[in-house]
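Here's the letter readout for the chains.
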Amino acid sequence: MNETGRMSGWVAPTWASGICAGLHGSGCREVVYVPDNPLSHILRVLEQKYPDIRATLATREEEAVGIAAGLYLGGARPVLMMQSSGLGNTLNALGSLMVAYQIPAVLLISMRGDAGEWNSAQVPMGRAVVPILHSFGIQHVTIDCPEAAEELVLASAALAFGTRHPAACLLPRRLTAAGGRS
Amino acid sequence: MKRIEATRVITASLSDEPVVVSLGHPAYDLFAAGDRPLNFYTWGSMGLTTSLALGLALARPDRRIFALDGDGSLLMNLGSLATIGACAPPNLGIIVMDNGQYGTTGGQGTATAGKADLERAARALGIENASTVHDPATLEETLHRARRLPGPWIVIVKVGESVPTMKPPQDCVHIKHRFMAALGTREAGTSGTPLLQ
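Below is a short write-up of the structure. (Residues numbered from 1 in each chain as written. Chains lettered and ligands numbered in written order. Predicted model: local features only at pLDDT ≥ 70, side-chain atom pairs only at ≥ 80, totals over all residues. Heavy atoms only, no water.)

## Let's talk about the overall build of chain B
Then step 1. When helices and strands are counted, chain B shows eight helices and eight strands.
Then step 2. Against the globule reference of 16 Å for 197 residues, chain B gives a C-alpha radius of gyration of 17 Å, in line with a compact fold.
Then step 3. Taking the contacts inside chain B whose residues are at least 6 apart along the sequence as the reference set, 73% of them involve residues at least 24 apart.
Then step 4. Of the roughly 8,200 Å² of accessible surface on chain B, 55% is carried by carbon and sulfur atoms.
Then step 5. When the 18 basic and 18 acidic side-chain charges of chain B are each reduced to a single mean position, those positions are 2 Å apart. (Helix = DSSP H or I, 4+ residues; strand = E, 2+ residues; numbered from the N terminus. Rg over C-alpha atoms; globule rule 2.2 N^0.38 Å. Contact = heavy atoms within 4.5 Å. Areas by Shrake-Rupley, 256 points an atom, 1.4 Å probe, with all protein chains shown as cover. Lys, Arg positive; Asp, Glu negative; His and termini not counted. Charge placed at Lys NZ, Arg CZ, Asp CG, Glu CD.)

## Some points on helix H6 (residues 123-135) of chain A
Residue and element names in this part refer to chain A.
Then step 1. Helix length check: H6 (13 residues) gives 19 Å between terminal C-alpha atoms against 18 Å at 1.5 Å per residue, within 8%.
Then step 2. Within H6, burial applies to Met125, Gly126, Val129, Ile132 and Leu133.
Then step 3. At its buried positions, H6 is contacted by helix H4 (84-87), helix H5 (91-99), strand E4 (106-110), strand E5 (140-142) and strand E6 (167-171).
Then step 4. After H6 finishes, the residue Gly137 shows a positive phi value of roughly 70°. (Expected span 1.5 Å × (residues − 1). Buried < 20%, exposed > 50% of the residue type's maximum accessible area, 1.4 Å probe, protein only.)

## Concerning the interface of chain A and chain B
Then step 1. Contact with chain A, which involves 27 residues of that partner, is made by 33 residues of chain B.
Then step 2. Note on chain A versus chain B: buried area summed over both sides is about 2,300 Å², and carbon and sulfur give 64% of it.
Then step 3. Per-residue buried area on chain A facing chain B is highest for A:Glu63, A:Leu73 and A:Tyr101; these three make up 32% of the total on that side.
Then step 4. At the junction of chain A with chain B, the criterion picks out zero salt bridges. (Buried area = accessible area lost by both parts, 1.4 Å probe. Salt bridge = Lys/Arg side-chain N within 4 Å of Asp/Glu carboxyl O.)

Here it is in C-alpha cells:
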C-alpha cells in the first residue's frame, strides 16, 4: 500500500474497522495525525464510514499534540495517530502540556522496530516506546488481535477521558501486516 | 515599542476572544496587562501556541481565537503555519511578539535578528493575510481591521524586550479549569451524575 494505486480493490481490515468503531463509539470526532502506512487503513475507514470524524494532518507529531490539546480545551475528545518513531517527536509536549495540564487524548501508535522489523534504524525508538510511556505514567494496551480492537479502543478512551490523562493503543506490526505493508 | 506596550494595546482591543499565550515573557506580560479567565497560559510546550490555538479554532468555530506567540517559539514550529494555511480556519488570528531574541532565557539572538522574516514565511506557508507592525498606533489599527476580516491572519509585532513585572498563576490544572469554564466547555467528571436505580 505504498502507492494510491494499491488501494484499488481495498477491503477494510478487521482491526482498522474495529479501531474506528471504538473511536466513534467513544465520542471521538477529531483525529490529528502524521501518516504511516498502516494508519492509511484507519483514515480510509474514517473517510468512508465516519464522515462526522474530522482528520487533521499535522507536519510533525509534537505539533499534533498541540492541536489535540486545543481541540480538548474546545470541548472535543481528541485522538492522536502516529508511527512509533513519531512518539519521539512528542515528548516535551506530552509532558509539559498533556500530562501537566491533565489534558487527555487517545494515542494510536503504529509500531516499527518490533517483531518483524527489517530496518535497524527503527529499532531503538521502537524499543523505547513502552519505557517512554511508562515514564510519563501513560498506560497502554497492545491491540494484538483484530477482534479485540474495538473493545480495547473503547476501554482506552474511557480511561483517558474519564481520568483526564492520555492513554495509548499500540498497533504491532503483526496486527497491521495482515492488511497492508510497512 | 516595548513588548509590554504592545501587549497593552492587544488587551485593550480584546472582547471575548480566548487567547493562547506562549510561555515565559509573553505570558508574564499578558498577565500583567490584563489577566482574565479566557487567557490560556502555557508553562512549557514551547512552540505549540499556534497549534493549541488552531485546535481551539477548529473545535469552536463560533468563537474568534487568538494566539499570542514569540519569535523564538514560532521558529520552533514553523510547520504549524503550513497546517494553519491548509486548514484555513476563518476564526484564528495570530499575533507574534518579535523581539529578535530568546528573552526569557537571557536575550540570546533568534534568527529574526538576522535574515529570517516571519511575515514572508507565513505567506509562503499559506497565510496570505500577513503583516508586520512597528508602532502602537499601527498595531491598534491592524487589530481593529483584522478582527472584521475572515482569518487566518498573522501580525508580526516588532518589539523591544521589556522587563516583566508579574507571573501568571503557576497551577496548570487551575489555568485549564478556569479557561474551560470561561469558554463554556465542560470536562467529563467535573459535575455530579444521577445514580441508576
